[in-house]
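# An overview of the molecular structure
The lines below spell out each chain.
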Amino acid sequence: LLKDAGRTHRVYLAETYRGKVFNSGSTQYARYLDLTNTTHSFDRTAEFSARSIAIGLGTDAREMQVGAVSASFFGFFDAPPAVGRYFTSAEDTFPQGAAVAVLSYGMWQTRYGGRPDVLGQNIQIGATLYTIIGVSPRGFVGLWSGEPPAAYIPIATYGAEIGKSLGLRGEQWWSTYHWRWASMMAERRPGVTIAAANADLTAAYIKSLGGEDAASPPRDRTPLSLTKPHGFVASILSERGPNESSEAKVATWLAGVALIVLLIACANVANLLLARALQRKREIAIRLALGVSRFRLASQLLCESLLLALLGGTAGLLIAQFGGAVLRAALLPKTAQAAVITDPRTLVIVGAATLVAGLLTGLAPVFQTRRADLTGDLKAGAREGAIHRSRTRVVLLVLQGALSVVLLVGAGLFVRSLGHIHNLPLGFDPDSVSVVNLQMRGVKLDSAGEVALRRRLMTEARTIPGVTHVSRQVTMPFWSSWNQDIHVAGIDSTERLGSFYLNAVTPDYFATMGTRLLRGRGVADQDIAGAPRAMVVSEAMSKVLWPSQEALGQCVRVGDDTVPCTYVVGVAENVKSQDLDQDPGYFYYVSSDQFATGGGGLFVRTAMSGEAARDVIRKRLQTLMPGPSYVNVTPLSEVFGNETRSWRLGASMFTVFGLLALVLAAIGLYSVIAYNVAQRTHEMGVRVALGAEVRDLVRLVLREGLLLAAVGVVFGGIAALVVSRWVKPLLFDESPRDPVVFVGVAATLLAVATLASLLPARRASRVDPMQALRTE
């Protein structure tokens, strides 16, 4: 829907630290204003961001994606509103902006039934009541490949609302450089090259940095000559930009995998058409002798293959339209629904792929007709022309086997990576745990009020049927963290040992999370304000701080070296909280009663799955929330699932494509062997007449099939070894040259080749020698 996709880009800003270049696709609003006002290479610019914000009130409140965009954002798209209008620049001006909203088409249909009188109605988004002024067109999702926004609001209005809670120390939200929260897009002027646009952006960025230093002098800014700040434009989609996500990398590989499967299918069909052409050699010779031109004959053969490709492409479109939703729900549940049949770009790509596939499959029989020997083919009888050897068919069959090996190796590597993740000790059990976050929506409570509210919520949660444990949570694995300085006797600086993260918890925390206590005890009811401070440390933390001593009873000063000691009362198993790969597990837990902390919510463990418990918990706890505030409930397995999504995507899709390729290779091998057996009926009869036994014929046919499969395994294994180094960054704790995977794939393909050859071999063993010898 972009008006000019070739000239529209996302803006990136980069600096160099310690020899490494860091690219950032997010900017401050103040930086966006600087770049917009001082560059000359762009027709238009826009700032945009998406946040999960509650829409609605009370038990109807739901967190949804909301697009905070500048008024110029919609001008990049050829997408007039379905109803009403978009907001204007006058409604998107700091310091405040206007409280107006544009609904997505899906939101309009599901919540308002598509009624045209929606304009002028109010809708609660976050802490602000907005007036609906328009509805975006069907299928419009902006620039977000994940969950599309349910509504769009002026970025100035959103900035003013959030800026109130930031505590900017006298700065204004639109002029501060300390809040980096949105992305910038730009459309190049006609005739302006990317290189010129990048140079313009770099000059504007350096000028903006100078203005930032003048407004708020930095304490120790590294000289610009060392950081080498520069700006550049890249793909409008962040997944295709310099900070490509692991999901995007896997998706790129899957596109290549789909192409390989297409090539296997083309080779399969080409082999079958070639066999058919060989069988029709005498017919073709007669037609040529009667005056049919070779061009007309080749056109007929190409038309046959193009018709097959057209039927296959149509079937593929239908499968993608109705079957894609199943894959999306299973693997990418929060992505926008992709149009297939109604998307012109998809239709063009499918049409091109269909045309190429039709031409590729039709080339082999066309070349066969060009080598037709009229005299020899017309003289040939049925028996004389029975056996047609073709190197092309053998090459195509070996190619199918080799490509199948490559795909199956990829599938095996991703499956084993996913297995390593599932067997990885996390230090907690995310299944059946729900995370309850409190969204106050501007409701102000004092410290005593916050404590009382959370106690009421915990008490109410324990009364919900199926709830087994409830605990306070301040931080959450793979979502949020809390770090404070700690001081230990005998260690001059704990920072050089690593980062130590903490959580303030209640006594039921370890049972709720499924984290095992290895020694000592957990946070208990007696660890209240005024009592000696208690903490539980992870095993990794105990070993790095007290490598030759027992951690229990040790004194740790949290925050400042003058505060009272917090004594270690227990050692818990290590937890993964930052990343799956290189997380050292330095974690400790303190009593939420002894360390006054604001924010946070609850962990709730239930006897039912986290997904099933979501609505039950939300409805019960929402009744206790004051004013427009609300609770948001998320299964912890969903949070953890986001960390493993790229491996699940790779394992699932590589396996599907690998099995499809294996089936195609088996069909191709079976068809070739079956065709050869049928063509060699006379030869088989002669062999039996001369004394050959059944097992000799079976061995002959099986040897041919296994030889072709073995050659394919060898070439496929070599190809898989070559490409393995590029796959390595996408794997988890798995060697791209794992011999178990390679041997398993080779054995699988040889077993499939054996099965594919058995039916033709059985047919060969039943040849009647008298009938075969009479065949003319």
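Residues numbered from 1 in each chain as written. Predicted model: local features only at pLDDT ≥ 70, side-chain atom pairs only at ≥ 80, totals over all residues. Heavy atoms only, no water.

### Remarks on the overall build of the chain
Within the chain, the regular secondary structure consists of 20 helices and 23 strands. In the chain, which comprises 776 residues, the share counted as buried stands at 48%. Accessible surface, the chain: about 36,900 Å² in total, of which carbon and sulfur atoms supply 59%. (Helix = DSSP H or I, 4+ residues; strand = E, 2+ residues; numbered from the N terminus. Buried < 20%, exposed > 50% of the residue type's maximum accessible area, 1.4 Å probe, protein only. Areas by Shrake-Rupley, 256 points an atom, 1.4 Å probe, with all protein chains shown as cover.)

### Re the nonpolar core
In this structure, Val409, Phe414, Leu580, Tyr589 and Leu636 are the most contacted members of the largest nonpolar core, which totals 63 residues. For this core, the element with the highest residue contribution is helix 16 (residues 636-679), accounting for 13 residues. Apart from the residues lying within four places of it in its own chain, the contact partners of Phe414 are Val250, Trp647, Gly650, Ala651, Phe654, Val727, Leu730 and Leu731. Leu13, Trp108, Leu201 and Leu209 belong to the second-largest nonpolar core, a separate cluster that totals 45 residues. (Core = buried A, V, L, I, M, F, W, Y, C linked by side-chain atoms within 4.5 Å. Contact = heavy atoms within 4.5 Å.)

### Some thoughts on the confidence of the model for the chain
Summing up the model confidence of the chain, the mean pLDDT is 82 and the portion of residues at 70 or higher is 86%. Scored below 50 in pLDDT, residues 381-387 makes 12 contacts in the model with residues more than four places away or belonging to other chains. (pLDDT = per-residue confidence, 0-100.)

### What to know about the pairing of strand 8 (residues 122-125)
Judged from the 4 bridges that link them, strand 8 and strand 9 (residues 128-135) form a sheet pairing that is antiparallel. Looking at strand 9, one finds that Ile125 is bridged to Thr128. Taking the residues that link successive antiparallel strands as the turn, the strand 8-strand 9 hairpin has 2 residues, and the phi of Gly126 there is positive, at about 65°. (Pairing = 2+ DSSP bridges.)

### Some points on a negative patch on the surface
A contiguous patch of negative charge, built from Asp485, Glu495, Asp560 and Asp561, is present on the exposed surface. Mapped onto the secondary structure, Asp561 falls in the loop between strand 19 (555-558) and strand 20 (566-572). A residue is classified by how much of its surface remains accessible, and Asp561, at 46% relative accessible area, is partly exposed. (Patch = residues over 30% accessible without salt bridge, like charges linked within 9 Å, V, L, I, M, F, W, Y side chains within 5 Å. Salt bridge = Lys/Arg side-chain N within 4 Å of Asp/Glu carboxyl O. Lys, Arg positive; Asp, Glu negative; His and termini not counted. Charge placed at Lys NZ, Arg CZ, Asp CG, Glu CD.)

### Examining the pairing of strand 5 (residues 62-69)
In terms of burial, strand 5 is a largely internal element, 6 of the 8 residues being buried. With 8 bridges joining them, strand 4 (residues 42-55) and strand 5 adopt antiparallel strand pairing. From the neighbouring strand, Ile55 faces strand 5, where its bridge partner is Arg62. Hairpin connection, strand 4 to strand 5: the antiparallel pair is bridged by 6 residues, and Gly56 has positive phi, about 105°. Relative to strand 10 (residues 151-154), strand 5 runs parallel, the two being bridged by 4 bridges.

### Quick look at the environment of Pro148
Inspection of the secondary structure puts Pro148 in the loop between strand 9 and strand 10. C-alpha separation for the pair Pro148 and Met64, spaced 84 residues apart in sequence, amounts to 8.9 Å.

### Let's talk about the packing of helix 11 (residues 391-422) against helix 19 (residues 739-765)
The contact between helix 11 and helix 19 brings their axes to 9 Å, and the two run at 135°. If you check the angle between helix 11 and helix 19, you find them oblique. The two elements helix 11 and helix 19 meet at a crossing, and its hand is right-handed. Here Gly401, Val405, Leu408, Val409, Gly412, Leu413 and Arg416 of helix 11 come into contact with helix 19, specifically with Val740, Val741, Phe742, Val745 and Leu749. Across the contact of helix 11 with helix 19, the residue classes tally to 9 nonpolar, 2 polar and 1 charged. (Axes fitted to C-alpha atoms, helices over the stretch in contact; angles between N-to-C directions. Parallel < 35°, antiparallel > 145°, perpendicular 65-115°, else oblique. Left-handed = near helix turned anticlockwise from the far one by under 90°. Nonpolar A, V, L, I, M, F, W, Y, C, P; charged D, E, K, R; others polar.)

### Things to note about the pattern of salt bridges
For the coordinates displayed, the defined rule picks out 20 salt bridges. Between Arg455 and Asp593 there is a salt bridge, with the nearest N and O atoms lying 3.8 Å from each other. Taken together, the residues Arg455 in helix 12 (residues 447-462) and Asp593 in the loop between strand 21 (587-591) and strand 22 (601-606) connect sequence positions 138 residues apart. On the basis of relative accessible area, Asp593 is assigned to the partly exposed category, the value being 38%. Connected through salt bridges with shared partners, the residues Asp4, Arg7, Asp43, Arg44, Glu187 and Arg189 form a single ionic network.

### A few points about the environment of Arg188
Counting through the fold element by element, Arg188 comes out in strand 11 (residues 180-188). Discounting residues that sit within four places of it in the chain, Arg188 has contacts with Gly6, Arg7, His9, Ser41, Phe42, Asp43, Thr193, Ile194 and Ala197. A polar side-chain atom of Arg188 sits 2.8 Å from a polar atom in the side chain of His9. (Polar contact = N/O pair within 3.5 Å; in protein donor to acceptor, adjacent residues only side chain to side chain.)

### Observations concerning the sheet that holds strand 14 (residues 467-473)
Pairing is antiparallel in the open sheet, where 4 strands are placed in the order 14-22-13-23. The open sheet is flanked by strand 14 and strand 23 (630-635), the only strands paired with a single partner. The sheet shows a mean angle of 25° between the axes of neighbouring strands, taken without regard to direction. Contacting strand 13 (433-439), strand 14 and strand 22, helix 12 runs over the sheet at an angle of about 165° to strand 14.

### Notes on the state of the cysteines
Summed over the entire model, instances satisfying the criterion amount to 1 disulfide. Cys555 shares a disulfide with Cys565; S-S distance 1.9 Å. The S-S bond linking Cys555 to Cys565 shows a torsion near -80°; that makes this disulfide left-handed. Remark: Cys565 occurs in the loop between strand 19 and strand 20 and Cys555 occurs in strand 19; sequence separation between them is 10 residues. With a relative accessible area of 15%, Cys565 lands in the buried category. (Disulfide = S-S within 2.5 Å.)

### Regarding helix 19
Its 27 residues give helix 19 an end-to-end C-alpha distance of 37 Å, which sits within 8% of 39 Å, the value for a rise of 1.5 Å per residue. At Leu758, helix 19 is deflected by roughly 35°, the largest bend along its length, and proline Pro760 occurs up to four residues later in sequence. Two to three positions downstream of the cap, the backbone nitrogen of Val740 sits 3.0 Å from a side-chain oxygen, assigning the N-cap of helix 19 to Asp738. (Expected span 1.5 Å × (residues − 1). Bend = angle between axes of the 7 residues up to and from the residue.)

### Considering unusual backbone geometry
Here Phe94 and Pro95 are connected by a cis peptide whose omega angle stands at 15°. By the element assignment, Pro95 lies in the loop between strand 6 (83-84) and strand 7 (100-103). Phi at Lys228 takes a positive value of approximately 50°, unusual for a residue other than glycine. Note on placement: Lys228 falls in the loop between helix 5 (224-227) and strand 12 (230-234). The backbone phi angle of Ser432 is positive, close to 65°, even though this residue is not glycine. Secondary-structure assignment places Ser432 in the loop between helix 11 and strand 13.

### Quick word on the environment of Leu272
Following the sequence through the fold, Leu272 ends up in helix 6 (residues 246-279). Looking at Leu272, the relative accessible area reads 42%, which means it is partly exposed. Separated by 403 residues in the primary sequence, Leu272 and Tyr675 have C-alpha atoms spaced 9.3 Å apart.

### Looking at the packing of helix 11 against helix 18 (residues 694-727)
Contact geometry of helix 11 with helix 18 gives a least axis separation of 7 Å together with a crossing angle of 45°. One finds that helix 11 runs oblique with respect to helix 18. Crossing of helix 11 over helix 18 shows right-handed handedness. Between helix 11, through Val394, Leu397, Val398, Gly401, Ala402, Val405, Val406, Val409 and Phe414, and helix 18, the contact on the second element is made entirely by Leu708, Val711, Gly712, Val713, Phe715, Gly716, Gly717, Ala719, Ala720 and Val727. Along the lines of polarity and charge, the residues of the contact of helix 11 with helix 18 split into 15 nonpolar, 4 polar and no charged.

### Let's talk about the packing of aromatic side chains
In this description, an aromatic ring pair is defined by two values, namely the gap between the centres and the angle between the planes. Throughout the structure, instances matching the rule amount to 27 aromatic pairs. Consider the rings of Phe74 and Tyr86, whose centres lie 3.9 Å apart with planes at 5°: the pair is stacked. One end of the pair, Phe74, is in the loop between strand 5 and strand 6; the other, Tyr86, is in the loop between strand 6 and strand 7, with 12 residues separating them in the sequence. Note on Phe77 and Phe140: the rings are 5.1 Å apart at their centroids and 90° apart in plane angle, and the pair reads as edge-to-face. With a gap of 63 residues between them, Phe77 in the loop between strand 5 and strand 6 and Phe140 in the loop between strand 9 and strand 10 connect regions that are remote in the sequence. Taken as a pair, Phe77 and Phe140 share a single burial class, namely buried. Ring pairs connect the aromatic residues Phe48, Phe73, Phe74, Phe77, Tyr86, Phe87, Phe140, Trp144 and Tyr152, which therefore count as one cluster. (Phe/Tyr/Trp six-rings, centres within 6.5 Å; stacked < 30°, edge-to-face > 60°.)

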